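Okay, here's what each chain looks like letter by letter:
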Amino acid sequence: MELMREGAMQTVLSGIISAFAWPATLVAAADFIDSTWSVAIDRSDKVGIMLAEVLLNGLQGSRPVTLIGFSLGARVVFKCLQELALSGNNEGIVERAVLIGAPISVNDELWGPARKMVAGRLVNVYSTKDWILGVTFRASLLTQGLAGIQAVQVPGVENVDVSELVVGHSSYLGLMQQILEQLELNTYYPVFSPSTPRSSTPRSK
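An account of the accompanying structure is given in this report. In this text the structure is predicted, and so the values were computed from the model without any measurement.

Moving on to the pattern of salt bridges. Proximity of charged atoms lets side chains of opposite charge pair with each other. Taken as a whole and assessed by the stated rule, the structure comprises four salt bridges. Two residues, Lys-46 and Asp-42, come together in a salt bridge whose shortest N-O distance is 3.3 Å. Taken together, the residues span about one helical turn, with Lys-46 and Asp-42 both in helix 3 (residues 30–56) at a distance of four residues. The salt bridge partner of Asp-45 is Arg-75, with a shortest N-O separation of 2.8 Å. Taken together, the positions of Asp-45 in helix 3 and Arg-75 in helix 4 (residues 72–86) put the pair 30 residues apart, joining distant regions of the chain.

Next comes the structure, spelled out in structure tokens:
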């Protein structure tokens with residue numbers, strides 16, 4: 001709730017508060033953020049491992065699998081892909097994967113192996129305006145690169161910049177259907193360039 005209050009202040013005073021001058025309330029709450037967020041990250045990673053076990057056991061049958069995750073759910077999906085890569089030759093189990101507002105480091109060396117686990121498209125949807133995710137993640141892990149707020153420079157990863165639509169982490173909730181429709185997930189070949197972020201403006205008919 002404190003993050004959301006400060007988020008409203010950030011919106012009103014966006015021309016005054018710079019990216020490096022975080023509100024004093026957030027700085028003071030860093031210890032609380034770190035503790036709570038660390039627990040959430042740990043649980044998400046454990047759920048991702050469990051999801052990989054479910055897929056490896058074939059409970060989904062022979063059907064292709066599409067994984068879509070938002071926020072910590074995106075981390076669950078990514079951890080699942082990592083676990084599949086570590087477990088052997090499991091290419092083809094996952095056909096598509098979409099990570100939206102993902103709290104995942106862009107410098108993680110396992111992005112490459114995770115990409116190989118997806119037969120079709122691996123999409124990173126991000127917003128450079130998602131400052132709540134940036135503050136929370138950095139307070140916890142002190143990373144300077146985050147998939148949820150920037151492009152992932154890994155071959156085969158599609159980066160979709162939705163900054164024109166998403167002005168905060170909670171904005172995704174009301175825009176999820178629009179974003180997924182724009183991605184055209186049933187299209188096998190990428191709608192967007194794998195390496196170059198594209199605008200989130202709806203496609204003309």
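Since the α-helix advances by 3.6 residues per turn, residues separated by three or four positions end up pointing in the same direction. Compared with an ideal rise of 1.5 Å per residue, which puts 15 residues at 21 Å, helix 4 spans 21 Å between its outermost C-alpha atoms and is within 8% of the ideal. Taken as a whole, helix 4 has its buried residues at Ala-74, Arg-75, Val-76, Val-77, Phe-78, Cys-80, Leu-81, Gln-82 and Leu-84.

Below, the discussion takes up the sheet that holds strand 4 (residues 157–161). Strands sit in the order 1-2-3-4 across an open sheet of four strands; the sheet is parallel. Taken across any chain shown, the strands that pair with only one partner, and hence form the sheet edges, are strand 1 (65–70) and strand 4. Here the average twist between neighbouring strands, direction ignored, is 15 degrees. Pairing geometry for strand 1 and strand 2 (residues 94–100), over six bridges, is parallel. Note on strand 2: the bridge partner recorded for Val-65 is Val-94. Across the sheet, helix 4 touches strand 1, strand 2 and strand 3 (122–126), and the angle it forms with strand 1 is around 140 degrees. Along the sheet face, helix 7 (residues 171–183) touches strand 1, strand 2, strand 3 and strand 4 and points at about 140 degrees away from the line of strand 3.

Here we take up the pairing of strand 2. A large share of strand 2 lies buried, amounting to six of its seven residues. In this fold, the crossover linking strand 1 to strand 2 by way of helix 4 has right-handed handedness. By the bridge criterion, four bridges tie strand 2 to strand 3 in an arrangement that is parallel. Across the sheet, the residue bridging to Leu-99 is Asn-124, located in strand 3.

This part covers the environment of Val-157. Along the chain, Val-157 turns up in strand 4. Taking the relative accessible area as the measure of exposure, Val-157 reaches 0% and is therefore buried. The spacing of Val-157 and Trp-111 is 46 residues in sequence and 8.9 Å in space, taken between C-alpha atoms.

One pass over the structure, following the stated rule, counts two aromatic pairs. Between the aromatic rings of Phe-70 and Tyr-172, the centroid separation amounts to 5.4 Å while the plane-to-plane angle is 55 degrees, which identifies the pairing as tilted. Here Phe-70, found in strand 1, pairs with Tyr-172, found in helix 7; they are 102 residues apart in sequence, far enough to count as distant. Judged by relative accessible area, which is 23%, Phe-70 ranks as partly exposed. For Tyr-172, a relative accessible area of 0% puts it in the buried group. The interplanar angle of 45 degrees and the centroid separation of 4.5 Å between the aromatic rings of Phe-78 and Trp-111 together place this pair among those described as tilted. Within this pair, whereas Phe-78 is found in helix 4, its partner Trp-111 is found in helix 5 (residues 111–116), the two being separated by 33 residues in sequence. The two residues Phe-78 and Trp-111 agree in class, both being buried.

Procedures and definitions
- Counting restarts for each chain: residues are numbered from 1 in the order of the written sequence.
- With the structure being a predicted model, the display of local features is reserved for residues of pLDDT at least 70 and the display and counting of side-chain atom pairs for 80 or more, all residues being used for whole-chain, interface and lining totals.
- With hydrogens and water excluded, all non-hydrogen atoms of the structure serve as input to the side-chain values.
- A pairing counts as a salt bridge when a side-chain nitrogen of Lys or Arg comes within 4 Å of a carboxyl oxygen of Asp or Glu.
- Labels follow the DSSP assignment, with helices taken as runs of H or I lasting at least four residues and strands as runs of E lasting at least two, numbered in each case from the N terminus.
- Helix span, expected: 1.5 Å multiplied by one less than the number of residues in the helix.
- Using a 1.4 Å probe on the protein chains alone, a residue whose accessible area is under 20% of its type maximum counts as buried, one over 50% counts as exposed, and one in between counts as partly exposed.
- In this scheme, strands are said to pair when DSSP sees at least two bridges between them.
- Throughout, an axis means a line fitted to C-alpha atoms (over the contacting stretch in the case of helices), and angles, computed between N-to-C directions, take values from 0 to 180 degrees.
- Contacts are residue-level and defined by heavy atoms, with any inter-residue pair within 4.5 Å sufficient.
- If you view a crossover with the strands going away from you and the path from the first strand over the helix to the second runs clockwise, you call it right-handed.
- When two rings of Phe, Tyr or Trp (its six-membered ring) have centres within 6.5 Å they constitute a pair, described as stacked for plane angles under 30 degrees, edge-to-face for angles over 60, and tilted for the intermediate range.

Geometry only, nothing functional implied.
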